[in-house]
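Descriptive analysis of the structure
Each chain is listed here by its residues.
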Amino acid sequence: MVGWRFTRGVSEQYNAFIQGFNEIVSVKWLQYFDERELEIMLVGIQDIDVQDWQAHTIYRNYRRSDKQIQWFWALVAEISDEQRSRMLQFVTGTCRLPIGGFSELMGSNGPQKFCIERVGKENWLPRSHTCFNRLDLPPYRSYAVLKEKLLLAIEETEGFGNE
């Protein structure tokens, strides 16, 4: 029953989708993109309002005045819109914001603000919990280390490196 519902039961719709999609982007080209790159390619890059992001972020085991948080926001202001979209995608699971911006982010249980939590040791990479819009940010000792580790995490991790 499950096999029929997920394969044979929708084969007509699936084939129609693939045919239409193939008219826009050749299906053979998809092998060159991961799911994050494909999403950005299909929906585009949005201008992200850093002030709105800051205003609707909560902190756990950090204060807004902690140097790691100041460095985080300095990095967010410094990077390109594409990298901001990738960071948003790393933490929330999508590269796009709701129409109302960060105040309307949703998690697995309804409205869920963007959250930065102090977790881990300096040699750890940041982790994300996309169901909760949460970034686990270790207490790095310098801006350079935070930048290196965070950019590595958002650009190079895939799959279940985030939760």
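Residues numbered from 1 in each chain as written. Predicted model: local features only at pLDDT ≥ 70, side-chain atom pairs only at ≥ 80, totals over all residues. Heavy atoms only, no water.

Our focus in this paragraph is the packing of aromatic side chains. Following the criterion strictly, the structure yields six aromatic pairs and no others. Geometrically, the ring pair formed by tryptophan 53 and phenylalanine 72 is edge-to-face, given 6.4 Å between the ring centres and 85 degrees between the ring planes. Taken together, the residues tryptophan 53 in helix H4 (residues 50-55) and phenylalanine 72 in helix H5 (residues 67-78) connect sequence positions 19 residues apart. By relative accessible area, which is 0% here, tryptophan 53 ends up buried. Given the relative accessible area of 0%, phenylalanine 72 is considered buried. With 5.3 Å between their ring centres and 85 degrees between their planes, tryptophan 53 and phenylalanine 114 make a pair best called edge-to-face. Linking tryptophan 53 in helix H4 with phenylalanine 114 in strand E4 (residues 114-118), this pair joins segments that are 61 residues apart in sequence. Phenylalanine 114 sits in the buried class, given a relative accessible area of 0%. (Phe/Tyr/Trp six-rings, centres within 6.5 Å; stacked < 30°, edge-to-face > 60°. Helix = DSSP H or I, 4+ residues; strand = E, 2+ residues; numbered from the N terminus. Buried < 20%, exposed > 50% of the residue type's maximum accessible area, 1.4 Å probe, protein only.)

Trp53, Phe72, Trp73, Met87, Ile116 and Leu137 are the most contacted members of the largest nonpolar core, which totals 29 residues. Of all the elements, H5 adds the most residues to this core, at six residues. Discounting chain neighbours no more than four positions away, the residues touching isoleucine 116 are Thr57, Ile58, Tyr59, Arg60, Tyr62, Ile69, Phe72, Trp73, Leu135 and Leu137. (Core = buried A, V, L, I, M, F, W, Y, C linked by side-chain atoms within 4.5 Å. Contact = heavy atoms within 4.5 Å.)

Before going further, it helps to examine the environment of aspartate 52. Here aspartate 52 lies in helix H4. Along the chain, aspartate 52 and glycine 101 lie 49 residues apart, while their C-alpha atoms are 7.2 Å from each other. Setting aside anything within four residues of it in sequence, one finds aspartate 52 in contact with Gly101 and Phe102. For aspartate 52, the side chain forms a polar contact with the main-chain nitrogen of phenylalanine 102, separated by 2.9 Å. (Polar contact = N/O pair within 3.5 Å; in protein donor to acceptor, adjacent residues only side chain to side chain.)

The next subject is the packing of helix H6 (residues 81-92) against helix H7 (residues 143-156). Two elements in contact, H6 and H7, have axes separated by 9 Å at closest approach and are oriented at 75 degrees. It follows from the interaxial angle that H6 and H7 lie roughly perpendicular. Contacts between H6 and H7 pair Gln83, Arg86, Met87 and Phe90 from the former with Leu150, Leu151, Ala153, Ile154 and Glu155 from the latter. (Axes fitted to C-alpha atoms, helices over the stretch in contact; angles between N-to-C directions. Parallel < 35°, antiparallel > 145°, perpendicular 65-115°, else oblique.)

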